[in-house]
Amino acid sequence: MSLEELLRRRVLVLDGAMGTEIQARNLSARDFGGPEYEGCNEHLNLTRPDVIGSIHEGYLEAGADIVETNTFGSTPLVLAEYGLAERAREITLAGARLARRLADAHATPSKPRFVAGSMGPTTKAISVTGGVTFEELVATFAAQAQALVEGGVDYLLIETAQDTRNIKAALLGAREGSARAAREVPVAVSGTIEATGTMLAGQTADALA
């Protein structure tokens, strides 16, 4: 049964946070691949896939219908801050394939499991930080989306969105990346509303809708 078919029947449970679970492991710089990569959670897809896999396993065993890939910041734009831009595709593919393998291992005919391709907002927001063009954002999201789709995700999750301009770039990137991968998948958007009642960039929930 497809993701969309099952959603018409019942509410699906998404897993919990990845970042706090990684922090709870008290990993060392060596686990991340060296001091220069410490804090780059996505690099763990290559250096400690067992750790990321154990987090996926925990959520699946707890009953989650959907697990998110460990790719929140796996765009070339974000990974460039660690000197890893050229390995963005490798890192993203590894994260998608790991989540896919474990979701399939836990799936049964009565309880299928799905994988959401996590796409975070990057560290640049056009309306807040600047330092990036709309075209650059589209390109970096497209590269991420292509690797996620090729890695077998069931849908793309543009999450923790803080700027509607970034969201538009992510949606265009998701479309472009899916086209390159020659497989169309659904796309979902999760926006973050601050205590002020707006997104970080100042747009309201109505503007997001």
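Up top you'll find the structure we're talking about.
Residues numbered from 1 in each chain as written. Predicted model: local features only at pLDDT ≥ 70, side-chain atom pairs only at ≥ 80, totals over all residues. Heavy atoms only, no water.

Caption draft 1: Spotlight on the pairing of strand S2 (residues 114-119). Buried residues dominate S2, accounting for six of its six residues. The pairing of strand S1 (residues 66-68) with S2 spans three bridges and is classified as parallel. Bridge assignment links isoleucine 66 to a residue of S2, and that residue is phenylalanine 114. Here S2 runs beside strand S3 (residues 155-161); their pairing, made up of four bridges, is parallel. Each bridged residue has a counterpart across the sheet, and for alanine 116 the counterpart in S3 is tyrosine 155. Handedness of the crossover joining S2 and S3 through helix H7 (residues 134-150) is recorded here as right-handed. (Buried < 20%, exposed > 50% of the residue type's maximum accessible area, 1.4 Å probe, protein only. Helix = DSSP H or I, 4+ residues; strand = E, 2+ residues; numbered from the N terminus. Pairing = 2+ DSSP bridges. Right-handed = clockwise from strand over helix to strand, strands pointing away.)

Caption draft 2: Structural context of the pairing of S3. Taking burial as the measure, the seven residues of S3 include six buried ones, the bulk of the element. Alignment of S3 against strand S4 (residues 187-191), held across four bridges, turns out to be parallel. Across the sheet, residue alanine 161 finds its bridge partner in S4, namely glycine 191. Of the crossover connections in this fold, the one passing from S3 over helix H8 (residues 164-181) to the parallel S4 is right-handed.

Caption draft 3: Representation of the sheet that holds S1 in the model. Pairing in this open sheet of four strands is parallel, and the strands run S1-S2-S3-S4 from one edge to the other. Taken across any chain shown, the strands that pair with only one partner, and hence form the sheet edges, are S1 and S4. Here the strands of the sheet are splayed against their neighbours by 30° on average, with no regard to which way each runs. Packing against the sheet, helix H6 (residues 88-106) makes contact with S1 and S2, and its axis sits at approximately 160° to S2. Against the sheet, H7 engages S2 and S3, with an angle of about 165° to S2. (Axes fitted to C-alpha atoms, helices over the stretch in contact; angles between N-to-C directions. Contact = heavy atoms within 4.5 Å.)

Caption draft 4: Here's a closer look at the environment of alanine 107. By the element assignment, alanine 107 lies in the loop between H6 and S2. Through-space distance from the C-alpha of alanine 107 to that of leucine 60 is 9.2 Å; in sequence the pair is 47 residues apart.

Caption draft 5: How the structure looks around the pattern of salt bridges. As enumerated under the stated definition, the model contains 10 salt bridges in all. Put simply, aspartate 65 and arginine 10 hold a salt bridge, and the shortest N to O gap is 3.0 Å. With aspartate 65 in the loop between helix H4 (49-61) and S1 and arginine 10 in the loop between helix H1 (3-7) and helix H2 (19-24), this residue pair connects regions lying 55 residues apart in the sequence. For aspartate 65, a relative accessible area of 1% corresponds to the buried category. What makes arginine 10 partly exposed here is its relative accessible area of 32%. A salt bridge links arginine 48 to aspartate 31, with the nearest nitrogen and oxygen atoms 2.5 Å apart. Of this pair, arginine 48 sits in the loop between helix H3 (44-47) and H4 while aspartate 31 sits in the loop between H2 and H3, and the two are 17 residues apart along the sequence. Under the relative-accessibility criterion, arginine 48 is labelled partly exposed at 23%. Overlapping salt bridges, with partners in common, bring together Arg10, Asp65 and Lys111 in one network. (Salt bridge = Lys/Arg side-chain N within 4 Å of Asp/Glu carboxyl O.)

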